[in-house]
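Residue strings, one per chain:
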Amino acid sequence: MSPRFRLRDLLIGAGIAVFVVWLMLFGMRRARENVSRVGCENNLRQLGTLAQMYCNSVGFYPTEVKNEKLGPSGSFFYDVATFAPYPDRDPAAPDPRREYLCPARRGIESSPRTDYGYGANSPFGISVLAAPTPLTRSAIESADGMTFTLLLSHKGVRPSQYDGSGPNDLAWYDKSIPNSRDPLSLNRDSDDLEMWKLLGSPHGDGVPSLFVDGHVEFLPYVGSEVHINNVPVMAARWAYNDGNR
Ligand SMILES: [Zn+2]
């Protein structure tokens with residue numbers, strides 16, 4: 001056996017070893033993201049339960065529009081925390097609760113508002129949490145139905161706004177890739193798009209989303225180029241009275 005032949009064998013062996021290590025790292029990252037995604041979905045389910053309890057108690061769904069007469073404080077997270085079974089609840093700072101946060105994103109140093117959103121107003125309708133007058137069950141039911149009305153989801157966030165300052169940011173955010181969350185490289189949440197039309201999340205290929213009936217669905221990324229009845233699909237999903245079922 002010539003030395004040259006052995007060198008080639010060595011190189012092939014090293015190549016295989018590198019590939020195996022890469023596969024392992026990729027698998028570990030994937031596994032960790034799966035755990036985060038399940039955690040995120042559970043947190044959203046919990047928030048949905050709290051929203052139902054809130055509605056059962058006061059007769060309408062939470063709104064983020066402050067209403068001194070009716071009671072809403074202007075913070076969905078604060079209002080539903082009243083019904084949370086957490087013994088260490090701090091009413092002065094309800095946001096940095098791990099139970100409200102996406103585990104794939106950050107620790108408690110970042111509030112859920114940074115990640116979870118509700119679409120506010122759009123030409124196609126208004127979201128439940130942006131309703132100036134709090135919405136009742138029957139109002140939502142007769143508009144789009146509870147199962148079709150989105151309550152809370154990850155906001156569309158430009159990758160450039162994830163600056164890597166959170167302990168979990170670096171695990172998925174890669175500044176060298178134009179859009180690290182878009183495996184098809186369609187730049188669906190690049191800086192040039194109208195972000196309000198989009199949902200976005202630190203999860204690889206979609207967004208865990210909470211609907212008014214309490215179910216949580218993993219919505220795959222869809223860009224603003226996709227329309228239902230001339231409405232960008234994501235904006236339509238945000239709106240409670242967009243007319244789509
Ligand atoms: Zn999440």
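Rules and cut-offs
- Residues numbered from 1 in each chain as written.
- Predicted model: local features only at pLDDT ≥ 70, side-chain atom pairs only at ≥ 80, totals over all residues.
- Helix = DSSP H or I, 4+ residues; strand = E, 2+ residues; numbered from the N terminus.
- Contact = placed C-beta atoms within 7 Å.
- Pairing = 2+ DSSP bridges.
- pLDDT = per-residue confidence, 0-100.
- Core = buried A, V, L, I, M, F, W, Y, C linked by C-beta atoms within 7 Å.
- Buried ≥ 20, exposed ≤ 12 C-beta atoms within 10 Å, placed from the backbone.

A. Examining the overall build of the protein chain more closely. From N to C terminus, the protein chain includes 4 helices and 8 strands. In the protein chain, the succession of α and β elements from N to C terminus is α-α-β-β-β-α-β-β-β-β-β-α. Of the contacts made within the protein chain by residues no fewer than 6 positions apart, 61% connect residues no fewer than 24 positions apart.

B. Spotlight on the sheet that holds strand E4 (residues 150-154). Strand order in the open sheet formed by 4 strands is E1-E4-E5-E6, with antiparallel pairing between adjacent strands. On the outer flanks of this sheet lie strand E1 (116-117) and strand E6 (216-220), each paired with one strand and no other. Here strand E5 (residues 206-211) pairs with E6 via 5 bridges, running antiparallel. Along E6, the bridge assignment pairs Val207 with Leu219.

C. Main features of the confidence of the model for the protein chain. Residue-level pLDDT values for the protein chain average 74, and 60% of them are 70 or greater. Counting contacts from residues 182-192, a segment whose pLDDT is below 50, to residues more than four positions away or on other chains yields 26 contacts.

D. Region of interest: the nonpolar core. Membership of the largest hydrophobic core comes to 35 residues, with the highest contact counts inside it found for Leu47, Val80, Val128 and Leu151. When contributions to this core are tallied by element, the ones reaching two or more residues are helix H1 (3-58), helix H2 (76-81), helix H3 (137-143), E4 and E5. For this core, the element with the most residues is H1, which contributes 6 residues. For Val128, the contacting residues outside a window of four places in its chain are Tyr61, Tyr118, Leu135, Ile140, Thr149, Leu151, Val212 and Tyr240.

E. Quick peek at the pairing of E4. Among the 5 residues in E4, 5 count as buried, and that is most of the element. Strand direction decides the pairing type here: E1 and E4, joined by 2 bridges, are antiparallel. Bridge assignment links Tyr116 to a residue of E4, and that residue is His154.

F. Representation of the environment of Tyr78 in the model. Topologically, Tyr78 is positioned in helix H2. A count of 17 C-beta atoms within 10 Å places Tyr78 in the partly exposed class. Residues Tyr78 and Pro62 lie 16 residues apart in sequence; the distance between their C-alpha atoms is 10.0 Å.

G. Focus on the environment of Lys155. Inspection of the secondary structure puts Lys155 in the loop between E4 and E5. What makes Lys155 partly exposed here is the crowd of 19 C-beta atoms within 10 Å. When the C-alpha positions of Lys155 and Asp115 are compared, they lie 5.7 Å apart, and in sequence the two are 40 residues distant.

H. Focus on the environment of Arg98. With respect to the element layout, Arg98 can be found in the loop between H2 and E1. Judged by local crowding, Arg98 falls into the exposed class, with 11 C-beta atoms found within 10 Å. Distance from Arg98 to Pro112, taken between C-alpha atoms, is 9.0 Å for residues 14 residues apart in sequence.

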